[in-house]
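# Coordinates in review
Each chain, letter by letter, is given below.
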Amino acid sequence: MKRIIGIVFVALLVIPVHAVSVKQDTTTSVQLVETRVEAAFTKKLPYHLSVGIEENIAARVYETDKNAYFRRSSTTVWLGYAPIEYVKLEAGYTLRLLGDKGWSDPNEFIRHRAFLSVAGKYKVGNWRLSLRERIEMNCRTDSVNRYETNPIALRLRHRFHVGYFIPGKPVQVFANVELINTLNRPTQYLNYYIEDEHFGQYLSDARFQIGTRWRINRRNTLSLSYRFDYNYDRDLNITKNKGNIELTRTHSFGHVITLGYDLNW
């Protein structure tokens, strides 16, 4: 009996029933334009293995109610394994530096990402088709309220790619469609206090990309692409002093232009 009473007491402490007095629910819309440059190096190894490193730098040229700013840089290392022609497995790590968090506290501007993916590939004449499923962990080391956000955010990414090599030309045109789902966004607090709506995991991103690749020679390739991004973000803020719930739903519509270089060895 004492143990049961103790568990109930702890549960009441974890969920502050009487702390919340006001619920604020707002919806915002953001338009943005972003430019990116990226460079990637891939090395093929024996036994169907490959390794690679990629650097990506993004600058926000325009954003609603903000001036232009450096958004982030990403450095990714990965290991790939293709046991057969039609399947490729990949695992990697990304170090991300965020440009809008200040530079005084590394816990604020440094993020870590680990991922594991499997892709199916198929060739039909000059066409190249692929479908990739990727699970990723986005980790942060700053202090967070676990009812607002998760220090290790899990996401599942689905990407379909189609490419076409122009006959007689070292040029490929391609298109991608990518959808991203959240897997562990906190919902307990929202579902407990906002009873007229059920909160669960959701589709956070839909990305549509078109572009072209120019193969300079056997090892060097340049690419240029345009991508339209739709992003939905659900931000929860639980204020300590007033005991309010502030929920902000943000819909972002982005236009991303990327210039890339690949070196395959």
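The preceding data block contains the structure.
Bear in mind the structure is a predicted one, so any value in this text is a computation, not a measurement. (Residues numbered from 1 in each chain as written. Predicted model: local features only at pLDDT ≥ 70, side-chain atom pairs only at ≥ 80, totals over all residues. Heavy atoms only, no water.)

## A word on the pattern of salt bridges
Counted according to the given criterion, the structure contains 20 salt bridges. Residues R227 and D229 are paired through a salt bridge, measuring 2.7 Å at the closest nitrogen-oxygen approach. This pair shows no difference in class: R227 is buried, exactly as D229 is. Connected through salt bridges with shared partners, the residues R113, R132, E136, R155, R157, E178, D205 and R207 form a single ionic network. (Salt bridge = Lys/Arg side-chain N within 4 Å of Asp/Glu carboxyl O. Buried < 20%, exposed > 50% of the residue type's maximum accessible area, 1.4 Å probe, protein only.)

## Overview of empty space enclosed by the protein
Applying the stated rule across the entire model yields one cavity of 30 Å³ or more. Considered as a void within the structure, the largest cavity measures approximately 40 Å³ in volume. What lines the largest cavity is E148, R185, P186, L190, R234 and L236. Here the residues of the lining of the largest cavity sort into three nonpolar, no polar and three charged. (1 Å grid on protein atoms, 1.4 Å probe; cavity = no way out; pocket = protein on both sides within 12 Å on 5 of 7 lines; lining within 4 Å. Points joined across faces, edges and corners; volume = space filled by probe spheres on them. Nonpolar A, V, L, I, M, F, W, Y, C, P; charged D, E, K, R; others polar.)

## Concerning the packing of aromatic side chains
Inspection of every chain in the model, using the stated rule, returns nine aromatic pairs. Ring geometry for F70 against W103: centres 6.4 Å apart, planes inclined by 25°, an arrangement best described as stacked. One end of the pair, F70, is in strand β3 (residues 69–84); the other, W103, is in the loop between β4 (87–98) and α2 (106–109), and 33 residues separate them in sequence. Relative to Y193, the ring of Y192 lies with its centre 4.9 Å away and its plane at 75°, an arrangement referred to as edge-to-face. Judged by relative accessible area, Y193 falls into the buried class, the value being 11%. Of the aromatic side chains, those joined through ring pairs into one cluster are Y147, Y189, Y192 and Y193. The ring of F174 carries R213 above its face, with NZ or CZ at 4.3 Å from the centroid. (Phe/Tyr/Trp six-rings, centres within 6.5 Å; stacked < 30°, edge-to-face > 60°. Helix = DSSP H or I, 4+ residues; strand = E, 2+ residues; numbered from the N terminus. Lys NZ or Arg CZ within 6 Å of the ring centre and 35° of its normal.)

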